[in-house]
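# Observations on the three-dimensional arrangement
One-letter residues, chain by chain:
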Amino acid sequence: MDLELQGKTSIVTGGSRGIGKAIARELALSGCDVVICARNAEDLDLTARELSQETGQRVSAITADTTSTPDVERMVKEAAQTLGRIDILVNNAAAPGGIARGPLASISDEDMLEDLNTKVVGYLRCARAVAPHMTSQGWGRIINIGGMSARNSSGANASAGVRNAGLVNLTKYLSQQLGPSGVNVNLVHPGATRTERSGPMYQEQARQQGITVEEVEARVAANNATKRIVDASELAYVVAFLASPRSIAISGEVIAASGGAGNAVFH
Ligand SMILES: NC(=O)c1ccc[n+]([C@@H]2O[C@H](COP(=O)([O-])OP(=O)(O)OC[C@H]3O[C@@H](n4cnc5c(N)ncnc54)[C@H](OP(=O)(O)O)[C@@H]3O)[C@@H](O)[C@H]2O)c1
């Protein structure tokens, strides 16, 4: 199936590494010009150069902190100038698992609000800033990256599930606001996803638990129907489909791309 992404343009927030980088790569491989944004300019520039060389598409870096409305508005303005138009927004920028974690007594208001500001209000900020571009051209796609903690609490993260569950409602709201203008908005929940962070993280867990890295990975995968850990590149396929004109029938929906994590049935 031709995803008809050739010539489309996209912003991927948090595109300097991890899931965002994999999504930026897949969109560029599918023929999109891409702007990636993140706070650390050096990492962002390195990734933009790497993805441009690898894909042959224009991949540009624009530094921005999505907790800042002026930053987001500047980033979107510069992206529109760089790309010529904005067809696709992937809202992804956030610290995985959030910073508000640990025993209840240790959870600070500041950390909780920071997590919500980054992932919930940050996604809203970016959607609000790109919306006039998409509605005026009568076409757009917004894909929000949530997380399976919306459905399963680890018991240790105070904000992770709160913000991902909040994004389910925000996604529906955005789909209703923007749908009449040709903009579809959906949410993808990653489960434990393999990125460049995974190797060192599993090594540390293996050391702490006195087991091998293979055993750590097998325990993570055991929770999935597929008994394997989803790679960020595989999650990016799902996002590329939702970013494409072919996803016209889907809006306001939540799609888990976790390899079938957990036992709960959603209908
Ligand atoms: N990896 C997983 O297993 C997993 C599971 C479930 C959900 N998720 C979700 O998937 C998304 C990506 O996770 P990841 O594992 O790829 O994380 P990651 O490797 O830590 O990458 C996060 C990206 O977001 C950027 N970022 C963070 N805060 C930002 C801010 N305020 N403004 C702009 N950019 C910001 C980071 O760059 P700078 O630090 O330079 O800004 C980086 O580019 C997150 O929403 C996370 O909650 C991940």
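Residues numbered from 1 in each chain as written. Predicted model: local features only at pLDDT ≥ 70, side-chain atom pairs only at ≥ 80, totals over all residues. Heavy atoms only, no water.

Another aspect to go through is the domain arrangement of the chain. Examined at the domain level, the chain breaks down into domain 1 (9–192 + 231–257) and domain 2 (196–228). Taking only C-alpha atoms into account, the centre of domain 1 sits 26 Å from that of domain 2. Each partner contributes to the interface: domain 1 provides six residues, whereas domain 2 provides four residues. Each partner contributes to the roughly 360 Å² buried at the junction of domain 1 and domain 2, and carbon and sulfur atoms together form 41% of this total. It is Pro96, Ala192 and Glu234 that lose the most area in domain 1 upon contact with domain 2, and together they represent 66% of the buried surface on that side. Counting the contacts that link domain 1 with domain 2 gives one salt bridge. (Domains from an automatic or database assignment. Contact = heavy atoms within 4.5 Å. Buried area = accessible area lost by both parts, 1.4 Å probe. Salt bridge = Lys/Arg side-chain N within 4 Å of Asp/Glu carboxyl O.)

Ser16, Ile19, Arg39, Lys119 and Thr193 are the nearest of the 29 residues found near the ligand. Ser16 is positioned such that a nitrogen or oxygen atom in its side chain is 2.6 Å from an oxygen atom of the ligand. Measuring from an oxygen atom of the ligand, one finds a side-chain N or O atom of Arg39 at 2.7 Å. Protein chains shield 92% of the accessible area of the ligand, which is 890 Å² for the free molecule. (Near = heavy atom within 4 Å. Polar contact = N/O pair within 3.5 Å; in protein donor to acceptor, adjacent residues only side chain to side chain. Areas by Shrake-Rupley, 256 points an atom, 1.4 Å probe, with all protein chains shown as cover.)

This part covers the sheet that holds strand S2 (residues 33–37). Taken together, seven strands build an open sheet; the order of strands is S3-S2-S1-S4-S5-S6-S9 and the sheet is parallel. Lying at the two open borders of the sheet, with one neighbouring strand each, are strand S3 (59–61) and strand S9 (254–257). With direction set aside, neighbouring strand axes in the sheet form an average angle of 20°. Of the strands in this sheet, S2 and S3 touch helix H2 (residues 41–55), which is tilted by about 175° from S3. (Pairing = 2+ DSSP bridges. Helix = DSSP H or I, 4+ residues; strand = E, 2+ residues; numbered from the N terminus. Axes fitted to C-alpha atoms, helices over the stretch in contact; angles between N-to-C directions.)

Phi at Glu4 takes a positive value of approximately 55°, unusual for a residue other than glycine. In this fold, Glu4 is placed in the segment before strand S1 (9–13). For Glu4, a relative accessible area of 36% corresponds to the partly exposed category. For Lys227, which is not glycine, the phi torsion reads 55° and is therefore positive. Summarising the element assignment, Lys227 is placed in the loop between helix H7 (213–222) and strand S8 (230–231). (Buried < 20%, exposed > 50% of the residue type's maximum accessible area, 1.4 Å probe, protein only.)

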